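# Close look at the chain arrangement
Okay, here's what each chain looks like letter by letter:
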Amino acid sequence: MQGRSPQLSMELNRLLLLTSFLLHVEEGRASPVQLVCDSRLIQKYIGEAKDMEKGAGQCQALPVLSCPTVLPLVDFNLQQWKSKSNETKRREILCDLALLVGAVVGAQGQVTQECGARQLTQLYQHANSFLLLLQTFSWEAGPWEPGCSPRSMEQTHVTGIFLTYRQLVQGKLRFFFHDLAKDLCKEGQGGGRDPQCGAR
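Thresholds, definitions, all that
Residues numbered from 1 in each chain as written. Predicted model: local features only at pLDDT ≥ 70, side-chain atom pairs only at ≥ 80, totals over all residues. Heavy atoms only, no water. Phe/Tyr/Trp six-rings, centres within 6.5 Å; stacked < 30°, edge-to-face > 60°. Helix = DSSP H or I, 4+ residues; strand = E, 2+ residues; numbered from the N terminus. Buried < 20%, exposed > 50% of the residue type's maximum accessible area, 1.4 Å probe, protein only. Expected span 1.5 Å × (residues − 1). Bend = angle between axes of the 7 residues up to and from the residue. Polar contact = N/O pair within 3.5 Å; in protein donor to acceptor, adjacent residues only side chain to side chain.

### Regarding the packing of aromatic side chains
For the structure on display, the rule yields 4 aromatic pairs. An angle of 50° between the planes, with centres 4.4 Å apart, marks the rings of Y45 and F130 as tilted. One end of the pair, Y45, is in helix α3 (residues 39-58); the other, F130, is in helix α6 (residues 114-135), with 85 residues separating them in the sequence. The residues Y45 and F130 share a single accessibility class, namely buried. Here F76 and W81 contribute two aromatic rings whose centre-to-centre distance is 5.3 Å and whose plane-to-plane angle is 55°, an arrangement assigned as tilted.

### What to know about helix α7 (residues 158-184)
Given a rise of 1.5 Å per residue, 27 residues ought to cover 39 Å, and the 37 Å separating the end C-alpha atoms of α7 matches this to within 8%. L168 marks the point of greatest bend in α7, at about 35°.

### Re the side chain of R174
Tracing the backbone through its elements, the reader meets R174 in helix α7. Here Q170 takes part through its backbone oxygen, which lies 2.6 Å from a polar atom of the side chain of R174.

Rendered as structure tokens:
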């Protein structure tokens, strides 16, 4: 009997990580402390984003989308980013994620090829998990409502959706977790490490 396939193992690891996230949310009254103080979590998500982008690039004959998807522009100025409050950063990332999830759903309706459809399903699960997770982190009263209008662009290439997600996780999300860690993590937990360190 052969061992688990790499794909199955990766999916099991993802489910275990998501389960730990949900347990932390329940036990900690939605406190982000436990989620940001272990820098291995965001590094894991960055690795998975890179793997999904690579996997999509290896799919054969991905169609050009006849109905373009609308993707957020996730590049940012680091100095301007640092001047924003954590709540403003959170809401900005939520807006980006909401638009990205919508783009994935739009692409799913146009991609029937098995490899591409499988990768899009995985991307949807990851991006939507982050969308739901960040809605539990709030420093202001009242629920988050997706009434924002982030900078955006149209995209007809499926691989561009994966690129945007990887850039969002590796950029804004990584720095957001780092900023939270500086404020919330106790000294010695490793959460305050500069996100530039060890980045590939």
